[in-house]
Amino acid sequence: MSFLEKEFETLYNQYIDMIYRLCFSFLKNREDTEDAVQTVFVKYLKKKKRLVNENHEKAWFIVTASNVCKDMLRQSWRKHDRSMERYDEIAVRKDAADHEMEMAVMSLPDKYKTVVYLYYYEGYQTKEIAEILHKPASTIRNYLTEARRHLKKILGGTL
Amino acid sequence: MRNEKIVTAWNRLNPDRNTKERIFQNLRDRLETNNAKNIPQRTFPRFAIGLLALFVVLVGSFGTAYAASATFRDYVHTLFFPRYTPEEIVSIGNGHMTGSFDEIDVLRSFLDKWNRLEFGNSVTAKENGNHYSLFMQNKDQLQAFVDSNDDGYCIVVYIERSEYEGTEGIWQVTGYQIVENEDAEIMKNQLEPYTDE
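If you're wondering where the values come from, they're calculated on a predicted model, not measured in any experiment. (Residues numbered from 1 in each chain as written. Chains lettered and ligands numbered in written order. Predicted model: local features only at pLDDT ≥ 70, side-chain atom pairs only at ≥ 80, totals over all residues. Heavy atoms only, no water.)

## A look at the overall build of chain B
- Helix and strand content of chain B: 7 helices and 5 strands.
- For chain B, the succession of helices and strands along the chain, N to C, is α-α-α-α-α-α-β-β-β-β-α-β.
- Taken over 197 residues, chain B has a buried fraction of 28%.
- Across chain B, contacts joining residues at least 24 apart in sequence account for 46% of those joining residues at least 6 apart.
- With an accessible surface of roughly 13900 Å², chain B has 54% of that area assigned to carbon and sulfur atoms. (Helix = DSSP H or I, 4+ residues; strand = E, 2+ residues; numbered from the N terminus. Buried < 20%, exposed > 50% of the residue type's maximum accessible area, 1.4 Å probe, protein only. Contact = heavy atoms within 4.5 Å. Areas by Shrake-Rupley, 256 points an atom, 1.4 Å probe, with all protein chains shown as cover.)

Below you can see the structure in the form of structure tokens.
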């Protein structure tokens, strides 16, 4: 295995979980998610500019994964695939107790999903999220408020 | 601000080991296929073979025709070593001689040169050749009698017109002589005053 292949494998292992779970939350099925993950890594390899540090690299992967998924969802033939039945794939291998939260997260509107992920999972501040997504901080705060309202509605007031 | 419930929910979406390996393998295959597509073809392109065959056919045909046909050989030689008819050679010669399509221009140029280069030693054309009279032997042969600074002599200039393709003819100086004024008058009597019509 060449040095570049080793380097790529390290990078793959570092980010695969993050990219996969983010893509799955958008696409809700395994096949599309795997396609999206591959596309994200191919885009990374085709990029001419290298990223300056790990934080930038991570942010790039998050934003690119979200954009790739949104692009895939825009394709009309995929929209028909987005039925709730697809959630069953996850339920098969998960505990029923945590399934409710999972369903709530996945049912978030797409525009809130990345913001919720960055804020609640990765622990970024709203200002940092604004920089990553190139949106005003006030918009990010609004998205978070709406997302919380949405989650509370589904989970019955507990978050 | 991390939320444990959300973190747990999202962590449950993580891929299992098999999925990770499958994606990695698919990704490697995809990249290898892409790289293979980018490798330039090492086989000799078909169009080059076609061009080469055409070249061979053309060279063969040319060689056969050159060897078999004297007319073709002559034609090829004419392309590389142009041959001219005698008329064409005269025409080319005329084109390279000094001359003009205006007889007065030819005379004035000659007289200017006469004075500058002192063709007649001490006999020079008066006022740069402004004083002259033209007579003709026929419409293509003129004699100009030019006053000189030496009162006893005048300069006689012989001018002839040659045919030149596509024009009314080209005038050229063909000779000159210095004669005494009395002899000049005798010569004039044998000629007709020139009119350009």
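## Quick word on the overall build of chain A
- Secondary structure summary: chain A contains 9 helices and 0 strands in total.
- Long-range pairs, those at least 24 residues apart, make up 63% of the contacts in chain A with a sequence separation of at least 6.
- Taken as a whole, chain A presents about 8500 Å² of accessible surface, with 50% of it coming from carbon and sulfur.

## So, the pattern of salt bridges
- For the structure shown, the criterion picks out 11 salt bridges over all chains.
- The residue Arg74(A) makes a salt bridge to Asp71(A) at a minimum N-O spacing of 2.6 Å. Taken together, the residues Arg74(A) and Asp71(A), both in helix α3 (residues 54–74) and 3 residues apart, mark about one turn of the helix.
- Assessed through its relative accessible area of 40%, Asp71(A) is described here as partly exposed.
- Between Asp112(B) and Arg116(B) there is a salt bridge, with its nearest N and O atoms 3.2 Å apart. Here Arg116(B) and Asp112(B) lie together in helix α6 (residues 103–117), a separation of 4 residues that amounts to about one turn. (Salt bridge = Lys/Arg side-chain N within 4 Å of Asp/Glu carboxyl O.)

## Details of the packing of helix α7 (residues 110–121) of chain A against helix α9 (residues 137–155) of chain A
Residues and elements named next belong to chain A.
- Direction vectors running N to C along α7 and α9 enclose 95°, while the axes themselves pass 9 Å from each other. Classified by the interaxial angle, the pair formed by α7 and α9 is roughly perpendicular. Residues Lys111, Tyr112, Val115, Val116, Tyr119 and Tyr120 of α7 lie in contact with α9, whose contacting residues are Ile140, Tyr143, Leu144, Glu146, Ala147 and Arg148. (Axes fitted to C-alpha atoms, helices over the stretch in contact; angles between N-to-C directions. Parallel < 35°, antiparallel > 145°, perpendicular 65-115°, else oblique.)

## Remarks on the interface of chain A and chain B
- If you look at the interface, chain A gives 44 residues, while chain B gives 25 residues.
- When chain A packs against chain B, close to 3200 Å² is buried across both sides, 62% of that on carbon and sulfur atoms.
- For the chain A face of the interface with chain B, the top three residues by lost area are Gln38(A), Tyr120(A) and Tyr121(A), together amounting to 21%.
- On the surface where chain A and chain B come into contact, there are 2 salt bridges.
- Across the pair Asp17(A) and Lys20(B) runs a salt bridge, and its minimum N-O distance is 3.1 Å.
- Between chain A and chain B we count 8 residue pairs in polar contact (both at pLDDT 80 or more) in total.
- Contributions of two or more residues to the side of chain A that touches chain B are made by α1 (3–27), α2 (30–46), α6 (96–106) and α7 of chain A.
- In terms of residue count, the dominant contributor to the side of chain A that touches chain B is α1(A) (11 residues).
- Grouping the amino acids of the side of chain A that touches chain B by side-chain chemistry returns 23 nonpolar, 6 polar and 15 charged. (Buried area = accessible area lost by both parts, 1.4 Å probe. Polar contact = N/O pair within 3.5 Å; in protein donor to acceptor, adjacent residues only side chain to side chain. Nonpolar A, V, L, I, M, F, W, Y, C, P; charged D, E, K, R; others polar.)

## Here's the deal with a nonpolar patch on the surface
- A contiguous nonpolar patch, built from Phe47(B), Leu51(B), Leu54(B) and Leu58(B) and spanning about 450 Å² of accessible area, is present on the exposed surface.
- Here Phe47(B) lies in helix α3 (residues 46–68). (Patch = residues over 30% accessible without salt bridge, like charges linked within 9 Å, V, L, I, M, F, W, Y side chains within 5 Å.)

## Description of helix α8 (residues 126–133) of chain A
Residue and element names in this part refer to chain A.
- Three or more residues of α8 are buried, namely Thr126, Ile129, Ala130, Ile132 and Leu133. Buried residues in α8, looked at end-on, bunch into an arc of 165°, giving them a common side. What points out from α8, more than 90 degrees from its buried face, is the exposed set Lys127 and Glu131.
- Tucked inside the fold, the buried residues of α8 contact α3, α7 and α9. (Arc of directions from axis to C-beta.)

## Focus on the sheet that holds strand β5 (residues 192–193) of chain B
Residues and elements named next belong to chain B.
- Pairing is antiparallel in the open sheet, where 5 strands are placed in the order β4-β3-β2-β1-β5. Looking along the sheet, the strands with just one partner apiece sit at the ends: β4 (170–180) and β5.
- When strand β2 (residues 141–147) meets strand β3 (residues 153–162), the two strands line up antiparallel, connected through 7 bridges. Residue pairing in the sheet places Phe145 in a bridge with Val156 of β3.
- Sitting on the sheet, α6 is in contact with β1 (132–138), β2, β3 and β4, with an inclination near 50° to β4. (Pairing = 2+ DSSP bridges.)

## Focus: the state of the cysteines
- On inspection of all chains with the given rule, the structure shows 0 disulfides over all chains.
- Free cysteine Cys69(A): the closest other cysteine sulfur is in Cys23(A), separated by 3.4 Å. (Disulfide = S-S within 2.5 Å.)

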